[in-house]
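# Structural overview
One letter stands for each residue in the lines below.
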Amino acid sequence: MNSSSPARDRLLEAATRLFYTEGIHAVGVDRIIAEGNVTRATFYRHFPGKEDLVEAYVGVEDAAIRAAFDAARATASDPREIAEALIQGIADDVARRHTRGCPFINAAAEYPDEGSGVRTAVREHREWFRGVLEEVARGVGHPDPAVAAGQLVLLRDAALVGGYLDGWERVEDVFVSASRTVLGL
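It should be emphasised that the depicted structure is a prediction, and the values quoted were computed from it without experimental measurement. (Residues numbered from 1 in each chain as written. Predicted model: local features only at pLDDT ≥ 70, side-chain atom pairs only at ≥ 80, totals over all residues. Heavy atoms only, no water.)

### Structural notes on the overall build of the protein chain
Summing up its helical and strand segments, the protein chain has 9 helices and 0 strands in all. Traced from its N-terminal end to its C-terminal end, the protein chain shows the element sequence α-α-α-α-α-α-α-α-α. Dimensions of the protein chain along its principal axes, counting C-alpha atoms only, are 55 × 35 × 30 Å. Going through the 185 residues of the protein chain one by one, you find that 46% of them count as buried. Expressed as a percentage of contacts within the protein chain between residues at least 6 apart in sequence, the contacts between residues at least 24 apart total 66%. For the protein chain, the accessible surface area stands at approximately 9000 Å², while carbon and sulfur atoms represent 53% of it. (Helix = DSSP H or I, 4+ residues; strand = E, 2+ residues; numbered from the N terminus. Buried < 20%, exposed > 50% of the residue type's maximum accessible area, 1.4 Å probe, protein only. Contact = heavy atoms within 4.5 Å. Areas by Shrake-Rupley, 256 points an atom, 1.4 Å probe, with all protein chains shown as cover.)

Structural data, given as C-alpha cells:
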C-alpha cells in the first residue's frame, strides 16, 4: 500500500529526519515506529520492510530536490537566469537543508549492492539530476552540455561533502564561482 495517509506521512517524516541525521543502518524500525507514533502493524501495512521505507525516504529527498529545481526554473525565463537560479538553489539547499552531506551518497554507501532498490532509486535521481543540468548547460550555449553536467554533478557532490566537513562558509563562494565558470556565466 503506497497511498498517503497521516500515519505514512509521520513515518516518512521520522525516517527522513533520522536517516539523514544518524544514518540508515543506525536507526531501527522500532525507533521509527515510536517517533512516527504508529503501531508496528501500521508500519508494516505501509512498508513491508525497512528497505521499502529507505526507498520511500530516497523518494522524499528526490521529490524535494525536483520541487526546488522546478521552483528555481519558475523564477526566471532567460536561460542564464535559470542557470543562476539553479546554482543558487543548490547553494541554498546545501546551506539550509543538507548540512550533513548528500542523502543519496549516504544511502548508496549504506546499500553497496548495486541491484538493490535503494541503489536503483539513487541512480534514477542522479540520472534525472544530470539530465536537468545538461538541459541548463545547453540553454546557456555550452559547447558540450554533457561534460558541463558531469562537472556540475561533481561540484554539487563536493559541495555537499565539503560543506559538511569544512563548513559551508568555506565552500559556498568556491562552489558558486566554479559552477558559474563551468556554465560560462
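What follows picks up the thread again.
### Quick word on empty space enclosed by the protein
One pass over the structure, following the stated rule, counts 1 cavity of 30 Å³ or more. Empty space within the largest cavity amounts to approximately 60 Å³. What lines the largest cavity is simply Ala83, Leu86, Ile87, Ile90, Leu133, Val136, Leu152, Arg156, Phe175, Ser179 and Leu183. At the level of secondary structure, the elements contributing two or more residues to the lining of the largest cavity comprise helix H5 (79-96), helix H7 (117-139), helix H8 (145-166) and helix H9 (168-183). (1 Å grid on protein atoms, 1.4 Å probe; cavity = no way out; pocket = protein on both sides within 12 Å on 5 of 7 lines; lining within 4 Å. Points joined across faces, edges and corners; volume = space filled by probe spheres on them.)

### Thoughts on the packing of aromatic side chains
Given two aromatic rings, one states the distance between the centres and the angle between the planes to describe the pair. As enumerated under the stated definition, the model contains 7 aromatic pairs in all. Ring centres 5.5 Å apart and planes at 70° place the aromatic pair phenylalanine 69 and tryptophan 128 in the edge-to-face group. You can see phenylalanine 69 sitting in helix H4 (residues 50-74) and its partner tryptophan 128 sitting in helix H7, a full 59 residues away along the chain. Here phenylalanine 69 and phenylalanine 129 contribute two aromatic rings whose centre-to-centre distance is 5.5 Å and whose plane-to-plane angle is 80°, an arrangement assigned as edge-to-face. Here phenylalanine 129 lies in helix H7 and phenylalanine 69 lies in helix H4, a separation of 60 residues in the sequence. We note that phenylalanine 69, like phenylalanine 129, is buried. (Phe/Tyr/Trp six-rings, centres within 6.5 Å; stacked < 30°, edge-to-face > 60°.)

### Regarding the side chain of threonine 16
By secondary structure assignment, the location of threonine 16 is in helix H1 (residues 6-22). Given a relative accessible area of 13%, threonine 16 falls into the buried group. Here threonine 16 is in contact with Tyr57, Val60 and Glu61, once residues within four sequence places are set aside.

### Observations regarding the side chain of serine 5
As for its position among the elements, serine 5 is in the segment before H1. Reaching out from serine 5, the side chain makes a polar contact with the backbone nitrogen of arginine 8 at a distance of 3.1 Å. (Polar contact = N/O pair within 3.5 Å; in protein donor to acceptor, adjacent residues only side chain to side chain.)

### Quick word on the environment of proline 79
Counting through the fold element by element, proline 79 comes out in helix H5. Counting along the chain gives 73 residues from proline 79 to proline 6, while the straight-line C-alpha distance between them is 39 Å.

### Structural notes on the pattern of salt bridges
Under the definition given, this model contains 13 salt bridges. In this structure, the salt-bridge partner of aspartate 62 is arginine 66, at a minimum N-O distance of 2.8 Å. Of this pair, aspartate 62 and arginine 66 both sit in helix H4, 4 residues apart, roughly one helical turn. One salt-bridge network, in which partners are shared between bridges, spans Glu13, Arg17, Glu22, Arg31 and Glu35. (Salt bridge = Lys/Arg side-chain N within 4 Å of Asp/Glu carboxyl O.)

### What about unusual backbone geometry?
Here the phi dihedral of asparagine 37 falls at roughly 55°; this positive angle occurs in a residue that is not glycine. A residue is classified by how much of its surface remains accessible, and asparagine 37, at 62% relative accessible area, is exposed.

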